[in-house]
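Here is how the chains run, residue by residue.
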Amino acid sequence: MSMAYEEYMKQMLKPMREELVRAGFKELLTEEDVEQFIDNVEGTTLVVVNSVCGCAAGLARPAVTQAIMQSEKKPDHLVTVFAGQEKEATAKMREYFTGYEPSSPSMALLKGKEVVHFIPRHEIEGHSMEAIMENLLAAFEQNC
């Protein structure tokens, strides 16, 4: 791949990454980042599998950032991996989503290493931002 292409993609994706980082999410960029995080995590974690698609931009990222801002009960940790970009990190994180098909965008709420709530793409695409937020808020209320 050319360096010009890689730089173009890096610049193109920057706002997609920053939207979650500004909301308090930590990017896990490598397989090792994911392993280290999961091996040492305690409490609840919201994982967002980020994506370049329209439903990530128009629904998933806005819904999750608003849910985090509005909820009194919040996950202890907020992390994100970027599907199609950090492929190894995303694949490693998905190993912990036992019983769930790979989906991007998607959101997983974990207690320790166990998924207690999962929102796949088909529960994002075609739904309103408010419905996705309510889904997240209910999960936070029940599990955080």
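Residues numbered from 1 in each chain as written. Predicted model: local features only at pLDDT ≥ 70, side-chain atom pairs only at ≥ 80, totals over all residues. Heavy atoms only, no water.

Chemist: What am I meant to see in the overall build of the protein here?
Modeler: Each helix and strand in the protein was counted, giving five helices and five strands. At 14 Å, the protein has a C-alpha radius of gyration in line with the 15 Å of a compact globule built from 144 residues. Within the protein, the proportion of its 144 residues that are buried is 45%. For the protein, restricting intrachain contacts to residue pairs at least 6 apart in sequence, the fraction spanning at least 24 positions comes to 72%. Distance between charge centres in the protein, computed from 14 positive and 23 negative side chains, equals 3 Å. (Helix = DSSP H or I, 4+ residues; strand = E, 2+ residues; numbered from the N terminus. Rg over C-alpha atoms; globule rule 2.2 N^0.38 Å. Buried < 20%, exposed > 50% of the residue type's maximum accessible area, 1.4 Å probe, protein only. Contact = heavy atoms within 4.5 Å. Lys, Arg positive; Asp, Glu negative; His and termini not counted. Charge placed at Lys NZ, Arg CZ, Asp CG, Glu CD.)

Chemist: What exactly am I supposed to notice about helix H4 (residues 87-94) here?
Modeler: Along H4, the residues that are buried comprise Ala89, Thr90, Lys92 and Met93. Burial along H4 is one-sided: seen end-on, the buried residues are contained in an arc of 165°. In H4, the exposed residues that point more than 90 degrees away from the buried face are Lys87 and Glu88. (Arc of directions from axis to C-beta.)

Chemist: For this particular structure, what's the right way to read the sheet that holds strand E1 (residues 26-27)?
Modeler: The pairing of strands in a sheet comes from backbone hydrogen bonds and takes either a parallel or an antiparallel form. Read from one edge of the open sheet, five strands run E1-E3-E2-E4-E5, paired in mixed fashion. Two strands lie at the open edges of the sheet, namely E1 and strand E5 (114-119), each paired on one side alone. Across the face of the sheet, helix H3 (residues 54-70) comes into contact with strand E2 (44-50), strand E3 (77-82) and strand E4 (106-111) while running at roughly 160° to E2. Across the face of the sheet, H4 comes into contact with E2 and E3 while running at roughly 125° to E3. (Pairing = 2+ DSSP bridges. Axes fitted to C-alpha atoms, helices over the stretch in contact; angles between N-to-C directions.)

Chemist: Explain the nonpolar core here, please?
Modeler: The nonpolar side chains of soluble globular proteins are, as a tendency, buried together. One finds Phe25, Leu46, Val64, Met107, Ile124, Leu136 and Phe140 to be the most contacted residues of the largest nonpolar core, which totals 24 residues. With 17 residues, the next largest nonpolar core counts Leu28, Ile38, Ala108 and Phe118 among its residues. (Core = buried A, V, L, I, M, F, W, Y, C linked by side-chain atoms within 4.5 Å.)

Chemist: Looking at this structure, I do not really get the packing of H3 against helix H5 (residues 129-143). What am I missing?
Modeler: Two quantities define a packed helix pair, namely the angle between the axes and the distance from one axis to the other. Where H3 contacts H5, the axes come no closer than 8 Å and their chain directions differ by 45°. Classified by the angle between their axes, H3 and H5 sit oblique to one another. Where H3 crosses over H5, the two elements pack in a sense that is right-handed. In this structure, H3 uses Leu59, Pro62, Ala63, Val64, Gln66, Ala67, Ile68 and Gln70 to contact H5, whose residues at the interface are Met129, Ile132, Met133, Leu136, Leu137 and Phe140. Here the contact of H3 with H5 is composed, by residue class, of 12 nonpolar, two polar and no charged. (Parallel < 35°, antiparallel > 145°, perpendicular 65-115°, else oblique. Left-handed = near helix turned anticlockwise from the far one by under 90°. Nonpolar A, V, L, I, M, F, W, Y, C, P; charged D, E, K, R; others polar.)

Chemist: I keep staring at the pattern of salt bridges and nothing clicks. Help me out?
Modeler: Where side chains of opposite charge bring their charged atoms close, a pairing between them can arise. By the definition in use, this model includes seven salt bridges. Two residues, lysine 92 and glutamate 35, come together in a salt bridge whose shortest N-O distance is 3.4 Å. Of the two residues, lysine 92 sits in helix H4 while glutamate 35 sits in helix H2 (residues 31-40), which places them 57 residues apart along the sequence. Classification of lysine 92 by relative accessible area gives buried; the value is 12%. The class of glutamate 35 is partly exposed, set by a relative accessible area of 28%. For glutamate 141, the salt bridge identified is with lysine 73, shortest N-O distance 3.6 Å. Of the two residues, glutamate 141 is situated in helix H5 and lysine 73 in the loop between H3 and E3; the sequence distance between them amounts to 68 residues. (Salt bridge = Lys/Arg side-chain N within 4 Å of Asp/Glu carboxyl O.)

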